[in-house]
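Chain by chain, the residues:
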Amino acid sequence: MGRIAQACQAAGRDPAQVGLLAVSKTFGADAVLEAVAAGQRAFGENYIQEGVDKIAAVRAALPGAALQWHCIGPIQSNKTRPVAEHFDWVHTVDRLKIAERLSAQRPDHLPPLQICIQVNIDGGPTKSGVAPAEALDLVRAVAKLPRLVVRGLMGIPDHAPEFEAQLAIHRSARALFDQMAALGEPGLEHFDTLSLGMTADLDAAIQAGSTLVRVGTGVFGGRTYPAA
Ligand SMILES: *Cc1c(COP(=O)(O)O)cnc(C)c1O
């Protein structure tokens, strides 16, 4: 995406430091295959069953392709098993119980699951994510689980139309991330990922220091959701 390169240039950042997670929710395996052909390797899915089915379809079409699948949707505790068995990353861990189940259910033949802790950066009362003040305790607890690796933080701030407002909230996420990364504690050796920014706010997220933007519409076009 040219927009990431432009945003990096505006922010004085090296584009190699900002990854693109292509959010393929609601799009079929064919759209993923097209993106793979164009060089994309990391894909994000929100809905677990849809994601598991798509992973299987893409794997059947491209056996042995080194793709990464990231779960970026909410996870109820009775849905952890398919996530542990099929995904490579999870961005939406916001309580210890979910992390414990993911660790226990991660199959031995797979590498550890890569985890971002979801933080409720702007403090909306109805939103998922651990409160910023409680995030470090959760990071430390998750870091002790044997089959998980803590990679960083993830945030989904409420949409703010103004660039400056987006920037301020993304900067507070970056500050929290930097504090934790600077601790250099055992278990945080791989704490290198700040998953922040979507199609509407990726410029501000990159300016603030995101290392991984999650882009759906900007990669695949508009989504149509099936009627409920
Ligand atoms: C859908 C979604 C995205 C991508 O949103 P776009 O606005 O299409 O870029 C990113 N992150 C999460 C958690 C999402 O649910």
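Residues numbered from 1 in each chain as written. Predicted model: local features only at pLDDT ≥ 70, side-chain atom pairs only at ≥ 80, totals over all residues. Heavy atoms only, no water.

- By the naming in an unreviewed UniProt entry, the chain is Pyridoxal phosphate homeostasis protein, taken from Acidovorax delafieldii.
- Checking UniProt for the chain, the heading Function (unreviewed entry) contains the comment "Pyridoxal 5'-phosphate (PLP)-binding protein, which is involved in PLP homeostasis."
- Here the chain is described in UniProt, under the heading Sequence similarities (unreviewed entry), as follows: "Belongs to the pyridoxal phosphate-binding protein YggS/PROSC family." (UniProt positions renumbered as here; feature names shortened; annotations may be inferred.)

Let's talk about the pairing of strand β6 (residues 148-154)
Consecutive side chains of a regular strand alternate in pointing toward one face of the sheet and then the other.
Then, in step 1: Across the 7 residues that make up β6, a large majority, 7, are buried.
Then, in step 2: Sheet topology places strand β5 (residues 113-118) next to β6; 6 bridges connect them, and they run parallel. From the neighbouring strand, Q114 faces β6, where its bridge partner is V149.
Then, in step 3: Alignment of β6 against strand β7 (residues 193-195), held across 3 bridges, turns out to be parallel. Across the sheet, the residue bridging to L153 is L194, located in β7.
Then, in step 4: Once the chain exits β6 it traverses helix α7 (residues 163-183) before rejoining the sheet at β7, and the crossover so formed is right-handed. (Buried < 20%, exposed > 50% of the residue type's maximum accessible area, 1.4 Å probe, protein only. Helix = DSSP H or I, 4+ residues; strand = E, 2+ residues; numbered from the N terminus. Pairing = 2+ DSSP bridges. Right-handed = clockwise from strand over helix to strand, strands pointing away.)

A look at the site of the ligand
Then, in step 1: Taken together, V23, K25, N46, I72, I156, M198, T199, R214, V215, G216, T217 and R223 make up the full set of residues near the ligand.
Then, in step 2: K25 has a polar side-chain atom sitting 2.7 Å from an oxygen atom of the ligand.
Then, in step 3: Between an oxygen atom of the ligand and a side-chain N or O atom of R223, the distance comes to 2.7 Å.
Then, in step 4: The protein chains hide 90% of the 390 Å² of surface that the ligand would expose on its own.
Then, in step 5: The cavity that encloses the ligand is the largest pocket. (Near = heavy atom within 4 Å. Polar contact = N/O pair within 3.5 Å; in protein donor to acceptor, adjacent residues only side chain to side chain. Areas by Shrake-Rupley, 256 points an atom, 1.4 Å probe, with all protein chains shown as cover. 1 Å grid on protein atoms, 1.4 Å probe; cavity = no way out; pocket = protein on both sides within 12 Å on 5 of 7 lines; lining within 4 Å. Sits in = over half its atoms within 2 Å of the grid points.)

What to know about helix α1 (residues 2-11)
Then, in step 1: Within α1, the full set of buried residues consists of I4, A7 and C8. The arc that holds every buried residue of α1, seen down its axis, measures 100°, which confines them to one face. Every exposed residue of α1 that faces more than 90 degrees away from the buried side is listed here: G2, Q6, Q9 and A10.
Then, in step 2: At the C-terminal side of α1, G12 shows a positive phi close to 65°. (Arc of directions from axis to C-beta.)

Quick look at the side chain of H70
Then, in step 1: Here H70 is to be found in strand β3 (residues 68-71).
Then, in step 2: Once residues lying within four places of it in the same chain are set aside, the contact partners of H70 are L21, A42, F43, G44, E45, F87, W89, H91 and L212. (Contact = heavy atoms within 4.5 Å.)

A short note on unusual backbone geometry
Then, in step 1: For T26, which is not a glycine, the phi torsion comes out positive at approximately 75°.
Then, in step 2: Position of T26 relative to the elements: it lies in the loop between β1 (19-23) and α2 (29-37).
Then, in step 3: Residue T26 is classed as partly exposed on the basis of its relative accessible area of 26%.

Here's the deal with empty space enclosed by the protein
Then, in step 1: All chains considered together, the criterion is met by 2 cavities of 30 Å³ or more.
Then, in step 2: Estimates place the volume of the largest cavity at around 40 Å³.
Then, in step 3: Going through the elements one at a time, β6 and α7 are the ones with two or more residues in the lining of the largest cavity.
Then, in step 4: Considering only residue class, the lining of the largest cavity consists of 8 nonpolar, 1 polar and no charged.
Then, in step 5: Put simply, the second largest cavity is a space of about 30 Å³.
Then, in step 6: Taken together, P157, D158, H159, A160, Q166, I169, H170 and D201 make up the lining of the second largest cavity.
Then, in step 7: Taken together, the residues of the lining of the second largest cavity break down into 3 nonpolar, 3 polar and 2 charged. (Points joined across faces, edges and corners; volume = space filled by probe spheres on them. Nonpolar A, V, L, I, M, F, W, Y, C, P; charged D, E, K, R; others polar.)

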